[in-house]
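Residues per chain are reported as follows:
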Amino acid sequence: IFLKKKEQKFNSNSSLYFQSLIDAMVYEIYFTKEINDADAEVLSRLTNLPELIDDWSDENKLKVINKVYEELSDPKHPVFIAMKRQKNVSEVRIVEGLNK
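Residues numbered from 1 in each chain as written. Predicted model: local features only at pLDDT ≥ 70, side-chain atom pairs only at ≥ 80, totals over all residues. Heavy atoms only, no water.

Draft legend 1. View of the overall build of the protein. What the protein contains, in helices and strands, is 6 helices and 0 strands. Across the protein, helices and strands are ordered from the amino to the carboxyl terminus as α-α-α-α-α-α. The burial tally for the protein puts 30% of its 100 residues in the buried class. Counting contacts in the protein only where the partners sit at least 6 residues apart, residues at least 24 apart contribute 59% of the total. If you sum the accessible surface of the protein, you get close to 6900 Å²; carbon and sulfur atoms cover 52% of it. (Helix = DSSP H or I, 4+ residues; strand = E, 2+ residues; numbered from the N terminus. Buried < 20%, exposed > 50% of the residue type's maximum accessible area, 1.4 Å probe, protein only. Contact = heavy atoms within 4.5 Å. Areas by Shrake-Rupley, 256 points an atom, 1.4 Å probe, with all protein chains shown as cover.)

Draft legend 2. Broad picture of unusual backbone geometry. A positive phi is found at Asp-39, a non-glycine position, where the angle reads about 50 degrees. Among the structural elements, Asp-39 can be located in the loop between α3 (32-37) and α4 (58-72). Despite not being glycine, Asn-48 shows a phi value in the positive range, around 55 degrees. With respect to the helices, strands and loops of the structure, Asn-48 is situated in the loop between α3 and α4. Note on Asn-48: relative accessible area 76%, which makes it exposed.

Draft legend 3. Representation of a nonpolar patch on the surface in the model. Together, Ile-22, Val-26, Ile-29, Tyr-30 and Leu-43 make up an exposed nonpolar region whose accessible area comes to about 510 Å². Relative to the assigned elements, Val-26 resides in helix α2 (residues 12-30). (Patch = residues over 30% accessible without salt bridge, like charges linked within 9 Å, V, L, I, M, F, W, Y side chains within 5 Å. Salt bridge = Lys/Arg side-chain N within 4 Å of Asp/Glu carboxyl O.)

Draft legend 4. Local environment of the side chain of Lys-61. Here Lys-61 lies in helix α4. Asp-58 is the oppositely charged side chain nearest to the buried, salt-bridge-free Lys-61, at an N-O distance of 4.7 Å. A distance of 3.5 Å separates a polar side-chain atom of Lys-61 from the backbone oxygen of Asp-54. Among residues more than four places away in sequence, those in contact with Lys-61 are Phe-2, Leu-52, Ile-53, Asp-54 and Trp-56. (Lys, Arg positive; Asp, Glu negative; His and termini not counted. Polar contact = N/O pair within 3.5 Å; in protein donor to acceptor, adjacent residues only side chain to side chain.)

Printed below as a string of C-alpha coordinates:
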(Lines give C-alpha, C1' and ligand atoms only; values in the text may rest on other atoms or scores of the structure.)
Protein backbone atom coordinates (compact mmCIF):
# COMPACT_ATOMS: atom_id res chain seq x y z
CA ILE A 1 0.00 0.00 0.00
CA PHE A 2 2.83 2.35 0.89
CA LEU A 3 4.56 1.68 -2.42
CA LYS A 4 1.37 2.10 -4.41
CA LYS A 5 0.82 5.52 -2.83
CA LYS A 6 4.39 6.54 -3.61
CA GLU A 7 4.80 4.98 -7.06
CA GLN A 8 4.49 8.29 -8.88
CA LYS A 9 7.59 9.53 -7.05
CA PHE A 10 9.52 6.28 -6.93
CA ASN A 11 10.35 3.10 -8.87
CA SER A 12 7.15 1.79 -10.44
CA ASN A 13 8.90 -1.44 -11.50
CA SER A 14 8.95 -2.63 -7.92
CA SER A 15 5.33 -1.57 -7.49
CA LEU A 16 4.32 -3.62 -10.54
CA TYR A 17 6.35 -6.58 -9.29
CA PHE A 18 4.66 -6.54 -5.89
CA GLN A 19 1.24 -6.31 -7.57
CA SER A 20 2.17 -9.42 -9.58
CA LEU A 21 3.30 -11.12 -6.40
CA ILE A 22 -0.05 -10.40 -4.77
CA ASP A 23 -1.76 -11.85 -7.84
CA ALA A 24 0.42 -14.96 -7.53
CA MET A 25 -0.62 -15.38 -3.89
CA VAL A 26 -4.29 -15.05 -4.82
CA TYR A 27 -3.89 -17.62 -7.62
CA GLU A 28 -2.38 -20.01 -5.11
CA ILE A 29 -5.34 -19.56 -2.79
CA TYR A 30 -7.99 -20.02 -5.48
CA PHE A 31 -6.23 -22.61 -7.65
CA THR A 32 -4.42 -24.52 -4.91
CA LYS A 33 -4.32 -27.92 -6.61
CA GLU A 34 -3.28 -26.53 -10.00
CA ILE A 35 -0.56 -24.35 -8.48
CA ASN A 36 0.71 -27.21 -6.31
CA ASP A 37 0.74 -29.57 -9.30
CA ALA A 38 2.88 -27.04 -11.19
CA ASP A 39 5.26 -26.65 -8.21
CA ALA A 40 4.46 -22.94 -8.38
CA GLU A 41 3.66 -22.07 -4.77
CA VAL A 42 4.83 -18.66 -3.64
CA LEU A 43 3.40 -18.40 -0.14
CA SER A 44 5.69 -21.05 1.34
CA ARG A 45 8.68 -19.41 -0.35
CA LEU A 46 8.07 -15.98 1.18
CA THR A 47 10.13 -16.31 4.32
CA ASN A 48 11.95 -13.85 6.53
CA LEU A 49 10.27 -10.78 5.07
CA PRO A 50 11.05 -7.65 7.07
CA GLU A 51 8.33 -5.58 8.63
CA LEU A 52 7.84 -1.93 7.70
CA ILE A 53 7.57 0.23 10.79
CA ASP A 54 5.11 3.14 10.62
CA ASP A 55 7.54 5.48 12.38
CA TRP A 56 10.22 5.01 9.74
CA SER A 57 10.89 7.70 7.18
CA ASP A 58 9.75 7.12 3.62
CA GLU A 59 13.39 6.76 2.65
CA ASN A 60 13.97 3.93 5.13
CA LYS A 61 10.80 2.16 4.05
CA LEU A 62 11.85 2.40 0.41
CA LYS A 63 15.28 0.99 1.21
CA VAL A 64 13.67 -2.09 2.75
CA ILE A 65 11.17 -2.43 -0.10
CA ASN A 66 13.89 -2.13 -2.72
CA LYS A 67 16.04 -4.69 -0.94
CA VAL A 68 13.15 -7.17 -0.88
CA TYR A 69 12.33 -6.38 -4.51
CA GLU A 70 15.94 -6.99 -5.57
CA GLU A 71 15.98 -10.30 -3.72
CA LEU A 72 12.60 -11.64 -4.87
CA SER A 73 12.98 -10.51 -8.50
CA ASP A 74 16.30 -12.30 -8.93
CA PRO A 75 15.71 -14.99 -11.59
CA LYS A 76 17.41 -17.52 -9.30
CA HIS A 77 15.09 -16.84 -6.35
CA PRO A 78 12.45 -19.51 -5.65
CA VAL A 79 9.65 -16.90 -5.61
CA PHE A 80 10.63 -15.61 -9.05
CA ILE A 81 10.79 -19.16 -10.38
CA ALA A 82 7.39 -20.04 -8.89
CA MET A 83 5.77 -16.91 -10.33
CA LYS A 84 7.15 -17.80 -13.75
CA ARG A 85 5.81 -21.37 -13.44
CA GLN A 86 2.37 -20.01 -12.60
CA LYS A 87 2.23 -18.45 -16.07
CA ASN A 88 1.97 -22.01 -17.45
CA VAL A 89 -1.05 -22.94 -15.32
CA SER A 90 -4.10 -22.86 -17.58
CA GLU A 91 -6.34 -21.18 -14.98
CA VAL A 92 -3.77 -18.41 -14.49
CA ARG A 93 -3.40 -18.02 -18.25
CA ILE A 94 -7.17 -17.58 -18.57
CA VAL A 95 -7.34 -14.97 -15.80
CA GLU A 96 -4.42 -13.05 -17.26
CA GLY A 97 -5.73 -13.28 -20.81
CA LEU A 98 -2.75 -15.27 -22.02
CA ASN A 99 -4.76 -17.97 -23.82
CA LYS A 100 -5.42 -15.94 -26.92
